Amino acid sequence: MDSFDLPRRFAAEALGTGILVATVVGSGIMAETLTKDVALALLCNTLPTGAILVVLITVLGPISGAHFNPAVTLVFTAKRQLPVNEAVLYIIAQIAGGVIGTMAAHVMFAHPLIEFSLKVRTGGAQWFAEAVAAFGLVATILAGLRFQRAAVPWLVGLYITAAYWFTASTSFANPAVAIARSLTNTFSGIRPVDLPGFIVAELCGAIAGMLLMNWLLGRADVRGPVAIAETRP
C-alpha cells in the first residue's frame with residue numbers, strides 16, 4: 001500500500017465503495033423486479049454483495065487497503081496504522097463513492113438520481129444487530145490479517161454473506177454504505193432519520209471488535225503448549 005500515493009489510494013477507496021454500493025442497491029432493485037418473495041429477494045441481494053466484496057478487496061486491497069468503510073478506517077487509525085489526516089480523506093472518499101454508487105444504480109435501472117428512502121429501520125434490536133455485524137466484521141478482518149492474510153477477501157465476503165441472514169438489520173456494518181442507502185427508496189434503503197442509530201451502533205461494534213481482538217491476538221502466553229514443549233529437557 002505504501003507504494004501508492006494518496007490520490008490513488010483515495011480514488012481506490014471511492015471506487016471500491018461506489019461499486020460495492022452500486023452492487024447492493026442494483027441487486028436489490030433487480031430482485032424486486034424479478035420476484036415478490038422477500039426471502040428470495042434478500043438472497044438475490046446477498047450473493048452479489050458477498051461476491052463483489054471478494055473481487056474489490058482482491059483487486060483494490062494492494063492499493064488502499066480496501067477499507068471501503070469508515071468504521072474499518074477508524075479501527076486502523078486507532079491502531080496507529082493510518083494517520084488521522086489520511087483517515088479523514090479515506091472517509092470522505094468512501095462517503096462520496098457510496099453516494100455515486102447509489103446514483104449509478106439508479107441510472108442503470110431508470111430511477112430518479114436521488115430518492116430519499118422511506119424504509120423504516122430502527123429500534124433496539126436493529127441497533128444491536130448492527131453492532132454485532134460491525135463487531136464480527138472487524139474481528140474477521142483483524143484475525144484474517146494475522147493468520148490468513150491472502151484469504152481476507154474471501155473471509156470478508158463470506159462473513160457479510162452470512163451476516164445478511166443472521167442479523168436483524170441485514171448487516172449494513174458500514175456508515176458510508178448506510179448513508180448511501182438512505183438515498184434510494186428501494187429494497188436496500190434506510191430512512192435518513194434512522195441513520196444516526198445505525199452509525200453509532202456500527203462504530204460501537206467496530207470499537208468493541210478491535211478491543212477484543214487486540215487482547216485475543218496479543219502476545220502468546222509463555223506457558224502455552226509450544227513454549228512448554230520447547231523448554232522440556
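Residues numbered from 1 in each chain as written. Predicted model: local features only at pLDDT ≥ 70, side-chain atom pairs only at ≥ 80, totals over all residues. Heavy atoms only, no water.

A. Representation of the overall build of the protein in the model. Along the protein, the regular secondary structure elements total 9 helices and 0 strands. Put simply, the protein runs from its N terminus to its C terminus through helices and strands in the order α-α-α-α-α-α-α-α-α. With the C-alpha coordinates aligned to their principal axes, the bounding extent of the protein is approximately 75 × 40 × 30 Å. Considering the protein as a whole, with its 233 residues, one finds that 50% of them fall into the buried category. Counting contacts in the protein only where the partners sit at least 6 residues apart, residues at least 24 apart contribute 78% of the total. When the accessible surface of the protein is summed, it comes to about 11,400 Å², and 71% of that surface belongs to carbon and sulfur atoms. In the protein, 14 positive and 12 negative side-chain charges are present, and the distance between their average locations comes to 7 Å. (Helix = DSSP H or I, 4+ residues; strand = E, 2+ residues; numbered from the N terminus. Buried < 20%, exposed > 50% of the residue type's maximum accessible area, 1.4 Å probe, protein only. Contact = heavy atoms within 4.5 Å. Areas by Shrake-Rupley, 256 points an atom, 1.4 Å probe, with all protein chains shown as cover. Lys, Arg positive; Asp, Glu negative; His and termini not counted. Charge placed at Lys NZ, Arg CZ, Asp CG, Glu CD.)

B. Representation of the pattern of salt bridges. Overall, the coordinates contain 3 salt bridges when judged by the stated rule. Where Arg-9 meets Glu-86, a salt bridge forms, and the shortest distance between an N and an O atom there is 2.5 Å. You can see Arg-9 sitting in helix H1 (residues 6–34) and its partner Glu-86 sitting in helix H4 (residues 84–108), a full 77 residues away along the chain. Grouping residues by exposure puts Arg-9 and Glu-86 together as buried. For Arg-191, the salt bridge goes to Asp-194, with nearest N and O atoms at 2.9 Å. When its relative accessible area of 25% is taken as the criterion, Arg-191 is described as partly exposed. Classification of Asp-194 by relative accessible area gives buried; the value is 5%. (Salt bridge = Lys/Arg side-chain N within 4 Å of Asp/Glu carboxyl O.)

C. Layout of the environment of Leu-183. As for its position among the elements, Leu-183 is in the loop between helix H7 (175–181) and helix H8 (195–216). The class for Leu-183 is buried, based on a relative accessible area of 12%. Here the alpha-carbon distance between Leu-183 and Val-99, two residues 84 residues apart in the chain, equals 7.6 Å. Other than its neighbours up to four places away in sequence, Leu-183 contacts Val-99, Thr-102, His-106, Ile-114, Glu-115 and Phe-116.

D. Expanded view of the nonpolar core. Grouped together as the largest cluster of nonpolar side chains are 44 residues, with contacts concentrated most on Leu-20, Leu-137, Leu-142, Val-156 and Ile-160. Setting aside residues up to four positions removed in sequence, Leu-20 forms contacts with Thr-49, Ile-52, Leu-53, Leu-56, Asn-174 and Val-177. Judged by nonpolar contacts, the second largest core, of 5 residues, contains Phe-172, Ile-190, Leu-195 and Phe-198. (Core = buried A, V, L, I, M, F, W, Y, C linked by side-chain atoms within 4.5 Å.)

E. Looking closely at the environment of Leu-89. Tracing the chain through its elements places Leu-89 in helix H4. Separated by 117 residues in the primary sequence, Leu-89 and Ala-206 have C-alpha atoms spaced 19 Å apart. Those residues in contact with Leu-89 that sit more than four places away from it in its chain are Leu-6 and Phe-10.

By themselves, these figures tell us nothing about what the structure is for.
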